[in-house]
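Single-letter residue listing:
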Amino acid sequence: MALTDLFTKDVQELENEGILFSSLEKLVAWGRSNSLWPATFGLACCAIEMMQSTNSRNDLARFGSEVFRASPRQADVMIVAGRLSKKMAPIMKRVYDQMPDPKWVISMGACASSGGMFNNYAIVQNVDSVVPVDIYVPGCPPRPEALVYAVMQLQKKVRGEAFDERGIELPMVEGWAR
Amino acid sequence: MTIKEAGTVSSSVQGHGDFETKYMRVNVGPQHPSTHGVLRLVVDLDGERIANLIPQIGYLHTGFEKTMENRTYQQGVTYTNRMDYLHGFAHDFAYCVSVEKLLDAQVPIRAQRVRVILNELNRIASHLVFFATGLLDMGALTLYFYTMREREKILDIFEMVCGVRMNYGYFRIGGLSRDVPEGFEDAVRAFIKDFPPMIKQYAAMFAKNDIFLQRTRDVGVVTQEMALDYGLTGPSLRATGLGLDFRKTQPYSSYEDYSFDVPTATEGDIHARFMVRFEEMGESLKIVEQALNRLEPGPYKDPDRRISLPPRSELENSMEAVIFHFKLVTEGFHPPRGEVYVPTESARGELGYYIVSDGGSMPYRVKVRIPSLMNLQSLAPACIGGLFADMVMNIASFDPVLGDVDK
Amino acid sequence: MSLLEQVVEHLKTLEGKPGEFKAMVSVTVPKDHLLEAIESSKDAGFNMISDVFGLDYLSYPGHQGKRFSVAYNLYSIEANERIFIRVNLDEGETLPTITHLWSGANFMEREVYDMFGVVFDDHPDLRKLITPEDLDGHPHRKDFPLGETPTLFNDGRFLDPAAFRAGLRGDSEGLTGFVGGARKGVASQQKPEGGKA
């Protein structure tokens, strides 16, 4: 195919020949969504289910998220897995700040999302009061399938295919704005 | 925490010649992939050697004890298993046994056997995670996928019984929340049949591996005297040659009916701690098999209406049952005044609930004797003088669960 | 005579007051004899320290005497017996450390210090163990609030968990509207025999 075809032929014709059109923004987002590397931030029970989500049965690697990075500087998404104590909260904020933009947060489990059953002096009642959360996963602990689903939802959000509760399309790379 | 607070050891040593060298202070954790949770260690290094090590804990402090003092006795079962999320049934078990002692409740034999089966299966599951993460710390990733495969099978049985994979809440004071479902026995039998070849498979993968042996033998030695000095219990104590197992010495809940060995080793090093746990899996399987063979149909909870809810069928035609149901649900039961403690054996060591009752429907004070916390103290003597690289293996070999440590 | 009986007899000579509840033996010793009592028990054979923990009797119904108790849970491996040595103390009183007898008492005493504010003299490293550095107070004291966040419902109504729960205790109506009270044949409502264990 000659380069001139791009200008002379119809878009529909080109797509039939296997050439796809996209904006660079969308292309980057597509690539980014399929390699969301989580930072290891296992805190409590949910961390065990987070481990299980990478095992041979659930295989989070199918969605490009199996590479748990020990260093937050190499990670895209922080999975807050478990109850966050008030002693740990500053450390979590620090880990989050060390992650490069764009970055996302999954709040895994009831304790991280709302304090769960631990409504007391020691536990932060919502992780959202420390770091901005993109996806909440309910459950105590959520099944590995639920976490896999959360990662898939996050991929949608990264690609700009997600909507907020009022039906308004969410911006594609919200992470830049932070 | 400031540096000055952390250590009591003098921070300078006399170097060669006229130089005065200082220990290098390294912070490990609390967010670190190989500390098995949010454990923080402050380590003083003399070159590659560890001169001093201080664990800093509390990063997962959840206030379990305080919260349980504000819940009824029956609600407490929901909290106990979230402490040690790898061996949750042990905590439920210990709590129920303690409260039942306070109440003089009669747990039916079927409930006791089911409890033992689930507890021992959970012990196997806990040890499987121990091997997965322990060898992962050494760089052996492969075993992780194999042990986790079998753990999923155990979790399937738990899911069948309780409806959840972790954090069960299945035991009740006086028995079980409901009877085991149909097909439970077949599922456990299938697991008993499948698992022994898998143990051999694991052994083939690491037991004779040269790297494993070199990194674990004579590393992190804890002698028997040190273990007693530091209050070490569980498999880590048995690795020093002392066969203390509360399932044997103070049997609770029909453990006296089953014949099993208490595996011990004499070396007290990391290798011994690995091997004791490895053999324990086989012994647990033996207990499961014996308990399953003796499992007979019967009631699954204490028939005493003051403790356990009346069956659903009675609620429709018995006013008395409705009254008891209402009282139990709104208020709970009132154990007599007193203080009880029953030691049990968890996958990590001696676990017991010290419960103080003031005659009300909530415990006045709950104190958990946490095995992981006491075992963590032995980490410092095991590590000091050794290489920094072996510290990670030492942490793994004591198998601490940080939810358990911090409560 | 078993080891436990021997030790209890010996502790009686140190002004110890033994008590038994459901086959659990505890001996309350005066503060001055605590170290001696624990040392002699260790020499007699209670060679494993299982636990050291605090108790706060501030709101215990009918409790008289000193506010706090610290209990030492000792176990003898050879004799397979367990003894609880207890000591009562008030706010501001200190206890001698036993870290020279067992190194394992280190964390336990730090926990008691952290949770109850009981100071152990000569402890090598008496710092907070579990709670954050900036937390004021000692959480397991009975006058430390649980610190619950009131639950906000969709209709804008707040539900205070403590008020909801008050009915369970039986000391007030709470939100359940139930005022506790004795039930026929429930042993706990009768007068306790022999006091606390």
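Sequence positions are assigned chain by chain, starting from 1 and proceeding in written order. Here the convention is simple: chains get letters from A, ligands get numbers from 1, in the order in which they are written. In keeping with the predicted nature of the model, local features appear solely for residues at pLDDT of at least 70, side-chain atom pairs appear and are counted solely at 80 or more, and the whole-chain, interface and lining totals rest on all residues. By convention in this description, side-chain values take in all heavy atoms of the structure and omit both hydrogens and water.

## Focus on the sheet that holds strand E5 (residues 49-56) of chain B
Residues and elements named next belong to chain B. With antiparallel pairing, three strands are arranged side by side in an open sheet as E3-E4-E5. Each edge of the open sheet is held by one strand with a lone partner, namely strand E3 (24-28) and E5. Recorded for the sheet is a direction-independent mean angle of 20° between the axes of neighbouring strands. Judged from the seven bridges that link them, strand E4 (residues 40-46) and E5 form a sheet pairing that is antiparallel. Looking across to E5, one finds that Val42 is bridged to Ile54. Paired strands are those between which DSSP finds at least two bridges. Counting from the N terminus, the helices are DSSP H or I runs at least four residues long and the strands are E runs at least two residues long. To define axes, lines are fitted to C-alpha atoms, for helices over the stretch in contact only, and angles between the resulting N-to-C directions are given on a 0 to 180 degree scale.

## Here we look at the sheet that holds strand E10 (residues 365-369) of chain B
Residue and element names in this part refer to chain B. Pairing is antiparallel across the open sheet formed by three strands, whose spatial order is E8-E9-E10. Each of the sheet's edge strands pairs with one partner strand only, and the pair in question is strand E8 (338-345) and E10. If you compare each strand with its neighbour and ignore which way they point, the axes differ by 10° on average.

## As for the interface of chain C and chain A
Contacts between the two partners involve 12 residues from chain C, matched on the other side by five residues from chain A. Together, the buried faces of chain C and chain A total about 710 Å²; carbon and sulfur atoms form 54% of this surface. The term salt bridge refers to a side-chain nitrogen of Lys or Arg lying within 4 Å of a carboxyl oxygen of Asp or Glu. Connecting chain C to chain A are zero salt bridges. Think of a polar contact as two N or O atoms within 3.5 Å of one another; within protein, one of them needs to be a possible hydrogen donor and the other a possible acceptor, and neighboring residues in sequence only count if both atoms come from side chains. Put simply, chain C and chain A have three residue pairs in polar contact (both at pLDDT 80 or more) between them. Under the grouping applied here, Gly and all other residues not named as nonpolar or charged are polar, the nonpolar ones being Ala, Val, Leu, Ile, Met, Phe, Trp, Tyr, Cys and Pro and the charged ones Asp, Glu, Lys and Arg. In the side of chain C that touches chain A, the residues fall into seven nonpolar, four polar and one charged. Contact between two residues is taken to exist if any of their heavy atoms lie within 4.5 Å; hydrogens are not considered. Using a 1.4 Å probe, buried area is obtained as the accessible area two parts lose upon being combined, added over both of them.

## Thoughts on the interface of chain B and chain C
When the parts come together, some accessible area is lost, and that loss is often what is quoted as the size of the interface. Taken together, the contact pairs 64 residues of chain B with 63 residues of chain C. Interface of chain B and chain C: buried area, both sides summed, is about 5600 Å²; carbon and sulfur atoms make up 55% of it. By the criterion of area lost to chain C, the three top residues of chain B are Lys66(B), Arg337(B) and Tyr364(B), representing 13% of everything that side buries. Counting the contacts that link chain B with chain C gives seven salt bridges. Residues Lys367(B) and Asp51(C) are paired through a salt bridge, measuring 3.3 Å at the closest nitrogen-oxygen approach. Where chain B packs against chain C, one counts 30 residue pairs in polar contact (both at pLDDT 80 or more). A total of five residues in the side of chain B that touches chain C trace back to one element, the largest contributor, which is E8(B). For the side of chain B that touches chain C, the per-class residue count stands at 25 nonpolar, 19 polar and 20 charged.

## Concerning the packing of helix H4 (residues 45-52) of chain A against helix H6 (residues 142-162) of chain B
Running from N to C, H4(A) and H6(B) cross one another at 115°; their axes reach a closest spacing of 11 Å. The handedness of the crossing between H4(A) and H6(B) is left-handed. Residues Ile48(A), Met51(A) and Gln52(A) of H4(A) form the contact with H6(B), whose own contacting residues are Tyr144(B), Met148(B), Arg151(B), Glu152(B) and Leu155(B). Its residues assigned to classes, the contact of H4(A) with H6(B) shows five nonpolar, one polar and two charged. Left-handed is the label given to a crossing in which the near helix is rotated counterclockwise from the far helix by less than a right angle, and right-handed is the label when the rotation is clockwise.

## Here's the deal with helix H14 (residues 319-330) of chain B
Residue and element names in this part refer to chain B. Under the convention used throughout, the expected extent of a helix is 1.5 Å for every residue step, that is, one less than its residue count. Helix length check: H14 (12 residues) gives 17 Å between terminal C-alpha atoms against 16 Å at 1.5 Å per residue, within 8%. Every buried residue of H14 is accounted for by Ala321, Lys327 and Leu328. In a view along the axis of H14, the buried residues occupy a sector of 130°, so they form one face of it. Turned more than 90 degrees from where H14 packs its buried face, Met319, Phe326 and Val329 sit exposed. Taken together, the buried residues of H14 touch helix H13 (312-315). Positive phi shows up at Gly332, right after H14, with a value of about 85°. A 1.4 Å probe rolled over the protein chains alone gives each residue an accessible area, and that area as a share of the maximum for its type sets the label: buried under 20%, exposed over 50%, partly exposed in between. Throughout, the arc means that of the directions going from the helix axis to the C-beta atoms.

## As for the packing of aromatic side chains
Centres within 6.5 Å make a pair out of two Phe, Tyr or Trp rings, where for Trp the six-membered ring is used; the pair is then stacked when the planes are under 30 degrees apart, edge-to-face when over 60, and tilted otherwise. Within the structure shown, the criterion is met by 35 aromatic pairs over all chains. Considering the side-chain rings of Phe130(B) and Phe274(B), the 4.9 Å spacing of their centres and the 45° angle between planes classify their relative orientation as tilted. Remark: Phe274(B) occurs in helix H12 (residues 270-293) and Phe130(B) occurs in helix H5 (residues 109-138); sequence separation between them is 144 residues. Of the two residues, Phe130(B) and Phe274(B), both sit in the buried class. An aromatic cluster is built from Phe89(B), Phe93(B), Phe158(B), Tyr168(B), Tyr170(B), Phe171(B), Tyr252(B), Tyr255(B) and Tyr258(B), whose rings are joined through pairwise contacts. Remark: a charge is flagged as sitting over a ring if the NZ atom of Lys or the CZ atom of Arg is within 6 Å of the ring centre and within 35 degrees of the ring normal. Across from the ring centre of Tyr59(B), 5.0 Å away, lies the NZ or CZ of Lys87(A), which sits over that ring. Just above the ring of Phe398(B) sits the side chain of Arg273(B); from NZ or CZ to the centre is 4.2 Å.

## A word on the nonpolar core
Taken as a class, soluble globular proteins show a tendency for nonpolar side chains to be buried jointly. We call a set of buried Ala, Val, Leu, Ile, Met, Phe, Trp, Tyr and Cys residues a nonpolar core when their side-chain atoms join them within 4.5 Å. Core analysis: the biggest nonpolar cluster contains 174 residues, and Tyr170(B), Phe195(B) and Tyr72(C) have the highest contact counts within it. Sorting elements by how many residues they give to this core places H5(B) first, with 13 residues. Mapped onto the domain boundaries, this core takes at least three residues apiece from domain 1 (2-56) and domain 2 (72-405) of chain B. Other than its neighbours up to four places away in sequence, Phe195(B) contacts Ile124(B), Leu128(B), Glu150(B), Tyr202(B), Met281(B) and Leu285(B). Each domain's extent is set by a domain assignment, obtained either automatically or from a database.

## Quick word on the domain arrangement of chain B
All names here are of chain B. Split by domain assignment, chain B resolves into domain 1 (2-56) and domain 2 (72-405). Measuring from the centre of the C-alpha atoms in domain 1 to the corresponding centre in domain 2 gives 34 Å. Taken residue by residue, the interface counts 18 residues in domain 1 and 18 residues in domain 2. Interface of domain 1 and domain 2: buried area, both sides summed, is about 1600 Å²; carbon and sulfur atoms make up 71% of it.

## Regarding the packing of helix H7 (residues 184-206) of chain B against H12(B)
All names here are of chain B. It is at 11 Å that the axes of H7 and H12 come closest, and there the two elements cross at 165°. It follows that H7 is roughly antiparallel to H12 by the angle criterion. The element H7 and its partner H12 pack so that their crossing is left-handed. Every residue of H12 that contacts H7 at Glu185, Val188, Arg189, Phe191, Ile192, Phe195, Pro196, Ile199, Tyr202, Ala203 and Phe206 is listed here: Met275, Phe278, Met281, Gly282, Leu285, Val288, Glu289, Leu292 and Asn293. In terms of residue class, the contact of H7 with H12 is made up of 15 nonpolar, two polar and three charged. By definition in this entry, angles of less than 35 degrees are roughly parallel, angles greater than 145 are roughly antiparallel, angles of 65 to 115 are roughly perpendicular, and the rest are oblique.

## Digging into the pairing of strand E2 (residues 24-28) of chain C
Residue and element names in this part refer to chain C. Burial analysis of E2 places five of its five residues in the buried class, which makes it a mostly covered element. The two faces of E2 match: Met24, Ser26 and Thr28 on one face and Val25 and Val27 on the other face are all buried. Between strand E1 (residues 17-21) and E2, which follow one another and run antiparallel, lie two residues, and Lys22 among them has a positive phi close to 50°.

## Comments concerning the pattern of salt bridges
On inspection of all chains with the given rule, the structure shows 49 salt bridges over all chains. A salt bridge links Arg365(B) to Glu65(B); the shortest N-O distance between them is 3.4 Å. With Arg365(B) in strand E10 and Glu65(B) in helix H2 (residues 64-68), this residue pair connects regions lying 300 residues apart in the sequence. A salt bridge links Glu9(C) to Lys12(C); its shortest N-O distance comes to 3.5 Å.

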